[in-house]
Amino acid sequence: MFQLIGLVMVVVLIAGALAFTGSPALFSALPFELALIGGAGVGTLVIGNSPRVAGDALAGIPKAMRGAKWKREDYSDLLSGLNDLMSRARRGGMIAIEADIETPETSGLFTSRPRLLADRAATSLITDSLRLHALNPGGKSPVAAHLEDAVASAAQTRHRAVGALNSLADALPALGIVAAVLGIIKTMSQIDQSPDVLGPMIATALLGTFLGVFLAYGLVGPLAARFGQVVDEEMQYLETIKTVITAWHEGIAPATAVELARAGLPVHLRPSVEDIDGTQANVEPFPVRRRDRVA
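Residues numbered from 1 in each chain as written. Predicted model: local features only at pLDDT ≥ 70, side-chain atom pairs only at ≥ 80, totals over all residues. Heavy atoms only, no water.

Draft legend 1. Spatial organisation of the overall build of the protein chain. Helix and strand content of the protein chain: twelve helices and zero strands. Secondary structure elements of the protein chain occur, N-terminal to C-terminal, as α-α-α-α-α-α-α-α-α-α-α-α. Radius of gyration (C-alpha) of the protein chain: 27 Å, far over the 19 Å computed for a compact globule of 295 residues. For the protein chain, the spread of C-alpha atoms along the principal axes amounts to about 90 × 35 × 30 Å. In the protein chain, buried positions account for 41% of the 295 residues. Of the contacts formed within the protein chain by residues at least 6 apart in sequence, a portion of 76% connects residues at least 24 apart. Total accessible area on the protein chain stands at roughly 15300 Å², and carbon and sulfur atoms take up 64% of it. Each charge class in the protein chain can be summarised by its mean position, and for the 25 positive and 28 negative side chains these summaries are 5 Å apart. (Helix = DSSP H or I, 4+ residues; strand = E, 2+ residues; numbered from the N terminus. Rg over C-alpha atoms; globule rule 2.2 N^0.38 Å. Buried < 20%, exposed > 50% of the residue type's maximum accessible area, 1.4 Å probe, protein only. Contact = heavy atoms within 4.5 Å. Areas by Shrake-Rupley, 256 points an atom, 1.4 Å probe, with all protein chains shown as cover. Lys, Arg positive; Asp, Glu negative; His and termini not counted. Charge placed at Lys NZ, Arg CZ, Asp CG, Glu CD.)

Draft legend 2. Here's a closer look at helix α3 (residues 51–66). Counted at 1.5 Å a residue, the expected span for α3 with its 16 residues is 22 Å, and the 23 Å between its end C-alpha atoms agrees. Turning to α3, its buried residues number three or more, namely Val53, Ala54, Ala57, Gly60, Ala64 and Met65. Following α3 by one or two positions, Gly67 adopts a phi angle in the positive range, close to 90°. (Expected span 1.5 Å × (residues − 1).)

Draft legend 3. Broad picture of the packing of aromatic side chains. Within the structure shown, the criterion is met by three aromatic pairs. With centroids separated by 3.7 Å and ring planes inclined at 5°, the aromatic side chains of Trp70 and Tyr237 adopt a geometry described as stacked. Taken together, the residues Trp70 in the loop between α3 and α4 (72–92) and Tyr237 in helix α10 (residues 195–249) connect sequence positions 167 residues apart. When its relative accessible area of 2% is taken as the criterion, Tyr237 is described as buried. Pairing Phe210 with Phe214 gives two aromatic rings, centres 6.1 Å apart and planes at 5°, and the pair type is stacked. Placement of both Phe210 and Phe214 in helix α10 is noted, with a separation of four residues, approximately one turn of the helix. For Phe210, a relative accessible area of 32% puts it in the partly exposed group. The rings of Trp70, Tyr75 and Tyr237 are connected pair by pair, giving a single aromatic cluster. (Phe/Tyr/Trp six-rings, centres within 6.5 Å; stacked < 30°, edge-to-face > 60°.)

Draft legend 4. Layout of the pattern of salt bridges. Following the criterion strictly, the structure yields twelve salt bridges and no others. Here Arg52 ties to Asp56 by a salt bridge, and the two come within 4.0 Å at their closest N and O atoms. You can see Arg52 and its partner Asp56 sitting in helix α3, four residues apart, about one turn around the helix. Overall, the relative accessible area of 31% leaves Asp56 in the partly exposed class. In this structure, a network of salt bridges that share partners links the residues Asp84, Arg88 and Asp100. (Salt bridge = Lys/Arg side-chain N within 4 Å of Asp/Glu carboxyl O.)

Okay, structure coming up:
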């Protein structure tokens, strides 16, 4: 909503200035110029990226408007779920959570958290790392390395889309110049006409430069910057999973591992201990002035 207000302000102010200073010829040429520059911009996005990255970049525009999808209650559900899984594994061994990590789509723990289950990256990060732990729970296993690599790979993939959108913003001024040159070529072919004819044609040609710069620095560039912020905010969710499971794998009690991750969250996303306890049942409670046993 906040970004929508800024978008409306920019569009209204620039459109108002154009209407106040422009001419009917500019507005008749506006749809063509927008289609030319916008279409060429999307074309450069497609040429320079894989279909997935290009699609993610375009999807980043509405995502930049909506903001990060993970809220405080999502972190509460995540931390309580991880505490549940690890506490059951601590009491009954990895066999106690085998069904949860092998078929999360039928697990009561995951199905009661539909937003977590719907995110394949987060669900796979949990199940794959716990599966690796189960293969060699008493010795060295690549759980920490797997978590580190998986989170880094997810961040790299998502930031490729941000980079593609930034590249589109960088290309728009040049595409605006291309549109202006095309307009000048058309004008030069009519050089024998009167100034009354040439004037609107030159103004229309310069409209391309105006639109390229406006789209780059007034719309696409800021949206790309906001998209990058959203990606970083959403990566915090995967970082939280990594922190909890890595700590538990290294021998820290489940409740302490969860508290370690909870304390590291930004204030606006950090659930209270009571919030997490309220979403748990039959699991180890959070530590309150006591020493946790080693998991």
